[in-house]
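These are the residues of each chain, in order.
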Amino acid sequence: AWILDGAGRRREAIEVMTAVLADYPDYLWGAGCLTEWTAEHGSVAEAEAAASAWVRIAPDDAAAWTARGAARQRAGDVEGSLSDLRTALAIDPALR
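Summary of the structure given here. Predicted model, so just to flag it, every value in this text is computed and none were measured.

### So, the packing of aromatic side chains
Here is step 1: Under the criterion given, the structure shown has one aromatic pair.
Here is step 2: Here Tyr27 and Trp29 contribute two aromatic rings whose centre-to-centre distance is 6.2 Å and whose plane-to-plane angle is 50°, an arrangement assigned as tilted.
Here is step 3: The exposure class assigned to Tyr27 is partly exposed, which follows from its relative accessible area of 34%.
Here is step 4: Judged by its relative accessible area of 44%, Trp29 falls in the partly exposed class.

### So, the environment of Arg86
Here is step 1: Along the polypeptide, Arg86 turns up in helix H6 (residues 78-91).
Here is step 2: Sequence separation between Arg86 and Gly69 is 17 residues; the distance between their C-alpha atoms is 9.1 Å.

### A closer look at the nonpolar core
Here is step 1: Counting eleven residues, the largest nonpolar core consists of Ala31, Ala51, Trp54, Val55, Ile57, Ala58, Ala62, Ala64, Trp65, Ala67 and Ala88.
Here is step 2: Of all the secondary-structure elements, those providing two or more residues to this core are helix H4 (44-57) and helix H5 (62-74).
Here is step 3: Leu4, Ala13, Leu21 and Cys33 belong to the second-largest nonpolar core, a separate cluster that totals nine residues.

### A look at the pattern of salt bridges
Here is step 1: Inspection of every chain in the model, using the stated rule, returns nine salt bridges.
Here is step 2: Between Arg10 and Glu40 there is a salt bridge whose closest N-O contact spans 2.6 Å. Placement of Arg10 in helix H2 (residues 10-23) and of Glu40 in helix H3 (residues 28-41) is noted, with a sequence separation of 30 residues between them.
Here is step 3: When its relative accessible area of 14% is taken as the criterion, Arg10 is described as buried.
Here is step 4: Given the relative accessible area of 47%, Glu40 is considered partly exposed.
Here is step 5: As a salt-bridge pair, Asp84 and Arg72 come within 3.3 Å of each other at their nearest N and O atoms. Pair noted here: Asp84 is in helix H6 and Arg72 is in helix H5, with a separation of twelve residues, a long-range link. Considered together, Asp84 and Arg72 belong to a single accessibility category, that of buried residues.
Here is step 6: Each of Glu48, Arg68, Arg72 and Asp84 takes part in salt bridges that share partners, so that together they form one network.

The rules behind the values
Think of each chain on its own: its residues are numbered from 1, step by step along the sequence as written. Local features are withheld for residues below a pLDDT of 70 in this predicted model, meaning they are given only at 70 or higher, and side-chain atom pairs are given and counted only at 80 or more; totals for whole chains, interfaces and linings count all residues. Hydrogens and water are ignored here; the side-chain numbers use all heavy atoms of the structure. Within 6.5 Å between ring centres, the rings of Phe, Tyr and Trp (the latter by its six-membered ring) count as paired, and their orientation is classed by plane angle as stacked under 30 degrees, edge-to-face over 60, tilted in between. Burial status follows relative accessibility: with a 1.4 Å probe on protein chains alone, a residue under 20% of its type maximum counts as buried, one over 50% as exposed, and anything between as partly exposed. The way it works is that DSSP assigns letters per residue, a run of H or I at least four long becomes a helix, a run of E at least two long becomes a strand, and they are numbered from the N terminus. Buried residues of nine kinds, namely Ala, Val, Leu, Ile, Met, Phe, Trp, Tyr and Cys, make up a nonpolar core once their side-chain atoms join them within 4.5 Å. Within this document, salt bridges are pairs made up of a side-chain nitrogen of Lys or Arg and a carboxyl oxygen of Asp or Glu, the two lying within 4 Å of each other.

Shown next as structure tokens:
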């Protein structure tokens, strides 16, 4: 998937990484990549699902919460977005 993304084939990379994560749902690096890729080129639902998986795998990672907050904001879920961003700041008060 990473090679496909590097070759500019982001949609294919998303499809491949989604399949990888279906088989290996705790693959942290894969969840982070998928979150980034879907935020840039996926649907709102894909972005939120990817970020939620990252939060599930790494609940102490402020970046995961920030990504899900951004996905929720994009989906129109203002309260969910604010909640996630508050959680990110609680984990890492220096978050920028």
